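This is what each chain is made of:
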Amino acid sequence: MLVSILVPVYNTAPYLDRCMDSLLNQTYSDLEVVVINDGSTDNSFEKLLAYQKKDTRVHVFSYSNSGISKTRNRALAKAKGDLILFVDSDDYIEPDMLEVMVNALKKRNLDLVQCNFVMDFGPVPFFRRATGNKTFTNLEALHALVAEKYLNNYPWGKLYKKELFEGITFPENMKGFEDTCTIFKTIANAKRVGTIPERFYHYEQRMGSLTNCMSLTTVYGMRRAYQYQEEYLKKRFPNEKFSFDQAQYNTDMVLIYTLIVFSRRKDDPKFVGAKIDWSKLNFSPVMKAAYEAWLKLAELKLGDSIVEMDEDTRQILENPPANLDWNKLLDEAARKIKPDFEKITPEDIAQIRGLANAAESGLHFSDDQNSADQKPIGQMHSQTVSSDENQTSQSRQEDMDQGNLQPVLQPENE
């Protein structure tokens, strides 16, 4: 059976030799390597052409930069094999990976088989708990995936029958977690899904990668991806009940982690927690205590304002769109919470100062004195200044002089 190994490439020249050599030196030789160069600006493309020249199994295609989803979709369209394997160009695989996985797929009559992986932090590997030899129906596999047991949403580390991708493409309008919106559909299309215990895939962890430099926009995209999974599965399998509480918990913890590590108070970050059924989680008291402790730490660093927002903003963050624009969202939130100070005139300022001075001096105006022939201050019908307000003229004057009357949010571009 011909295996199509699909490799998206963008500016990974320092890692390409290791990756390509690991693919071409497989003990299973009935393979093709379909490489899509996504507009690299380093010498990745030149390296790929050299590999294509010396090995006829390598097929290189180059396009202007279009993003990871478009690149993977292009690779799928070019694949000629019966089986599909994704490998990221900064990762690499063990020499016998294909041989073992193809044999497992054949002997156990599987449509999809997943191996385990090693997270490589430079010279230091990190071994996550490995799954054994397990076999699932598609519904059993989906429940395991949603519970984040045994199976994951990564496209790599899995060998698929090509027909599982019929009618399925990676979403090209998302930035981050597009895999979470895609791979579960191949599991739904399968009849039998299996795992093997070997750690064949090496997942390179490098600075600047998505998982090492998270933004709130990205992580709210993670929430949206899981919500998409839930909505899709409810429609496709209406008689099944899938519990996404573990995924929601993990997403919230990543959000809080992002607040603690990457966010700054001046960016006015916002957090809206998911509605988690804690009874559905293992070790629920411990997990809930950790959740609350982390959130308290985020509030200590960034202030209570991280959970304060208007209802529209709260609803958007509870159900974020696929193309969430964080800066635009904050700008709109700022406009909703600030009064219309832009219309204040110099005469208004003088009038406010006079009222403030009068209030401080203990003078009181009757309704007749604050008569209708006075112009409404700054056209602000929703706010008035009365003699009963306990504000000092000094603080009001400082606010006027420094231009601090309106709250201004200044989010930094992501």
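Up top you'll find the structure we're talking about.
Overview of the structure.

The rules behind the values
- Residues numbered from 1 in each chain as written.
- Predicted model: local features only at pLDDT ≥ 70, side-chain atom pairs only at ≥ 80, totals over all residues.
- Heavy atoms only, no water.
- Phe/Tyr/Trp six-rings, centres within 6.5 Å; stacked < 30°, edge-to-face > 60°.
- Helix = DSSP H or I, 4+ residues; strand = E, 2+ residues; numbered from the N terminus.
- Lys NZ or Arg CZ within 6 Å of the ring centre and 35° of its normal.
- Axes fitted to C-alpha atoms, helices over the stretch in contact; angles between N-to-C directions.
- Parallel < 35°, antiparallel > 145°, perpendicular 65-115°, else oblique.
- Left-handed = near helix turned anticlockwise from the far one by under 90°.
- Contact = heavy atoms within 4.5 Å.
- Nonpolar A, V, L, I, M, F, W, Y, C, P; charged D, E, K, R; others polar.
- Buried < 20%, exposed > 50% of the residue type's maximum accessible area, 1.4 Å probe, protein only.
- Pairing = 2+ DSSP bridges.
- Right-handed = clockwise from strand over helix to strand, strands pointing away.

## Things to note about the packing of aromatic side chains
What describes a pair of aromatic rings is the distance from one ring centre to the other and the angle between the planes of the rings. Under the definition given, this model contains 20 aromatic pairs. Between Phe86 and Tyr160, the ring centres sit 6.2 Å apart and the planes meet at 85°, which makes this aromatic pair edge-to-face. Of this pair, Phe86 sits in strand 4 (residues 83-86) while Tyr160 sits in strand 9 (residues 158-161), and the two are 74 residues apart along the sequence. Sitting over the ring of Phe170, Arg72 keeps its end group 5.6 Å from the ring centre. The positively charged end of Arg74 is found above the aromatic ring belonging to Tyr63, 4.0 Å away from the centroid.

## Considerations on the packing of helix 8 (residues 245-262) against helix 9 (residues 284-302)
As a packed pair, helix 8 and helix 9 sit with axes 9 Å apart at the nearest point and diverge in direction by 25°. Considering their axes alone, helix 8 and helix 9 lie roughly parallel with respect to each other. Like other packed secondary-structure pairs, helix 8 and helix 9 cross with a definite hand, here left-handed. Where helix 8 approaches helix 9, its residues Gln246, Tyr249, Asp252, Met253, Ile256, Tyr257, Leu259, Ile260 and Val261 are matched on the opposing element by Met287, Ala290, Tyr291, Trp294, Leu295, Leu297, Ala298, Lys301 and Leu302. Partitioned by chemical class, the residues of the contact of helix 8 with helix 9 number 15 nonpolar, one polar and two charged.

## Looking at the pairing of strand 2 (residues 31-38)
The element strand 2 is largely enclosed, with a buried count of eight among its eight residues. Burial of the side chains of strand 2 extends over both faces: Leu31, Val33, Val35 and Asn37 are buried on one face and Glu32, Val34, Ile36 and Asp38 on the other. Relative to strand 2, strand 1 (residues 3-9) is paired through seven bridges, and the arrangement is parallel. When the sheet's bridge partners are listed, Val9 is paired in strand 2 with Asn37. Each parallel crossover has a hand, and for strand 1 linked through helix 1 (residues 13-24) to strand 2 it is right-handed. For strand 2 and strand 3 (residues 58-63), the ladder comprises six bridges, and the chain directions are parallel. Each residue of the ladder has a partner; that of Val34, found in strand 3, is His59.

Bear in mind that shape data such as this cannot, by itself, settle questions of function.
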